[in-house]
Amino acid sequence: MFPFLFALFMCPLTYGQTNISGKPGLIYVPTAQKSDVGTFQFGYHFNPIDYGFRYNGRNSEGIYFANLTLLPRLEVNINLLRVNNEILRGQKGIGDRQLDLRYLILTETAKRPSLAVLISAPFGIDNSLSTNAIVASKTFRLGPKLYADVTAGLGSPFYVQRDESEKSNYNIFNSLQIRKKSDLPYRYLSGPIGGVNLRLDRKAGFMAEWDSQHFNMGLYGTLFRRWTVQAGILNFDQVTFGTSYALNLLPLPKRFREYQNKPKAGQTDPEKPAELTREKVAQNFENTTLDTLKGSVFYEQRLYRNPYLGMLEMRSSLADSNIREYIPMFQGMPIGVYRMDKKITYRQLTKNEMPRNRFLLSKYKFDFWLQPVFAANFGYRAKTLQSNTSVLLQTQFNLLNGLALHAGVLFPITNDLDDRPKKIRPAPIFLNQFLAFGNHFISASAGYFHNDQYGVNLQYRHQDFTGPWSFGVEGGLTGLYYYADKGIYYGNMDKLMVIADASYRLAQPDITLKLSGGRYVSGDEGGRMDLIRQFTNVEVGLYVMKTTNGTTAGFNFAVPIPPGKILQGKKFRFRTTDEFRWEYNYTRGFRIGERYRTGYQLDQKLRQYHVNYLNGQHR
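Residues numbered from 1 in each chain as written. Predicted model: local features only at pLDDT ≥ 70, side-chain atom pairs only at ≥ 80, totals over all residues. Heavy atoms only, no water.

### Comments concerning the overall build of the chain
Alright, step 1. On a plain count of helices and strands, the chain comes out with 6 helices and 37 strands.
Alright, step 2. By the compact-globule yardstick of 25 Å for 619 residues, the chain fits well, its C-alpha radius of gyration being 26 Å.
Alright, step 3. With the principal axes as the frame, the chain shows a C-alpha extent of 75 × 65 × 40 Å.
Alright, step 4. In the chain, 57% of the contacts between residues at least 6 apart in sequence involve partners at least 24 apart.
Alright, step 5. In the form shown here, the chain has an accessible surface area of approximately 27400 Å², with 59% of it arising from carbon and sulfur atoms.
Alright, step 6. Distance between charge centroids for the chain: 4 Å, based on 76 positive and 51 negative side chains. (Helix = DSSP H or I, 4+ residues; strand = E, 2+ residues; numbered from the N terminus. Rg over C-alpha atoms; globule rule 2.2 N^0.38 Å. Contact = heavy atoms within 4.5 Å. Areas by Shrake-Rupley, 256 points an atom, 1.4 Å probe, with all protein chains shown as cover. Lys, Arg positive; Asp, Glu negative; His and termini not counted. Charge placed at Lys NZ, Arg CZ, Asp CG, Glu CD.)

### With respect to the environment of Pro-48
Alright, step 1. Here Pro-48 is to be found in the loop between strand S1 (39-47) and strand S2 (61-71).
Alright, step 2. Measuring from C-alpha to C-alpha, the distance between Pro-48 and Asn-84 comes to 9.8 Å, with 36 residues separating the pair along the chain.
Alright, step 3. Setting aside anything within four residues of it in sequence, one finds Pro-48 in contact with Ser-60, Leu-234, Gln-238, Val-239 and Thr-240.

### Side note on the confidence of the model for the chain
Alright, step 1. Looking at the chain, the pLDDT average stands at 88 and 91% of residues meet or exceed 70.
Alright, step 2. Counting interchain partners and residues more than four positions distant, the pLDDT-below-50 stretch residues 1-14 has 46 contacts.
Alright, step 3. For residues 264-273, every residue scores under 50 in pLDDT, and the model assigns this stretch 5 contacts once sequence neighbours within four places are set aside. (pLDDT = per-residue confidence, 0-100.)

### Quick word on the pairing of strand S23 (residues 403-415)
Alright, step 1. Relative to S23, strand S22 (residues 385-400) is paired through 12 bridges, and the arrangement is antiparallel. Bridge pairing links Thr-389 to Thr-414 in S23.
Alright, step 2. Where S22 hands over to S23, the hairpin turn is made up of 2 residues, of which Gly-402 adopts a positive phi near 90°.
Alright, step 3. Sheet topology note: the S23/strand S24 (residues 425-426) ladder contains 2 bridges and is antiparallel. Looking at the pairing, Val-409 lines up with Pro-426 of S24. (Pairing = 2+ DSSP bridges.)

This is the structure in structure tokens:
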């Protein structure tokens, strides 16, 4: 998850004060205060030894967390409890990966408090911070900048637990049992809870609370308008402390907000000649064709995963203010025609507007980028985190319209996830043909893919960029390959994958519901349900899946990796990848619904071009 966090540091301001598990709150007690949509908070809290959740009286704990306001009233929280020092020789143990939801039933008004319910997903092996509670919060103004946020609620004395055996972890809903918190060494939020946050605007505050077991007090302060540090005394006994960083995923980066209100043609920046500025920005684009008579421009940009940023930059680089139609391309193949006025509109290209097959290599830069590869397992008691981390130096040669060769070199960094040797070797190498015909899109690939599969893959998608529905099917025949100490190992090319899906997109907010199913790489058959939320430069998804190999759930995200452009000239560019995509699930070792990547999936690529997604930013 750390690339996800690092990629977001340049986002605009938001505010966050979090409790021990990373939710908006006091020290232990959560609150019902509303968070803005897109608010993302992450951080760390230390829990002292005598108040440990997992091994009370034996070990202190560190709690790592991330919290996202996914919808206007819905928050998703993920926390990872790590026990400090060894439990047994060679084992630190882990409190498991816990996923919580907070839903705001009522928002605060002048006369009523806000009301929220908090639920912990039951499929963790050990939800040490199980939070099943209902809380109400109300803010009272005491002075010009002095406020009191009062919270009261009730924590459930029960929690849901499942079998802790890692060997039976193939079904996250298996062996669920309702248990009493009174049987635990520490009863977190079990009974009446409440507290007050006496704060000076949003800069600092004093907190006092009853967490259903003890009385706690603490102080916090917000530095640089985003970074919060806090400390507290639990039951007048031991010290806890923590820190969090908060930002918002919805606003455009500052530079692009300026592009939205660019000067009219003929105006110049008093510090920089407009022509030099336009020439520099124009270097971000390739295969550009300008038609001043029709008022349109064909172009391709590979720096940003969000195509709206490319449209804004292209508009700012044009001296001709009569250009109104922008035609972004992918691998030399046009996606469609977008007209930028007060509102962005979309239309399909006519047959006469489609480019003819031509050799494209000379129209593109020698483009190289760094792409991290990260696979991980959490929850193994002998080792908190098992990971396989590498960096790819990738490049792409655009040969004909839609046809590209992907190649690169892989540099291993760490690997304690499997026994593959750590040696420099070729990155996935494959040919990909992308085709677009109105609402019909095809991606055909052959070669060595990600996730150690080689073979052929074919994707088809019917995508209407103005409507809510899209449909797709994907098929592939592959075999296992990997680089051993000497040479390369090949398995039989006998793994058949066939997956179909249907997606429905909600215009407000940018939510996609996707139902898919079929046969996966390991031969298991089943289905999957995804909820995908698109923010400006970030995409976050939650999913649940059931196949003949088991049942699991998890999350995924896609983020850009800073700084983006590192070196660039007219013929050469060196950059970081436009997109890092990662997925995690709650099972390990059972091969549930596994698939491979061919560089991109059609639905992931195409939903970025939906006109409602672009207009959400244009407004």
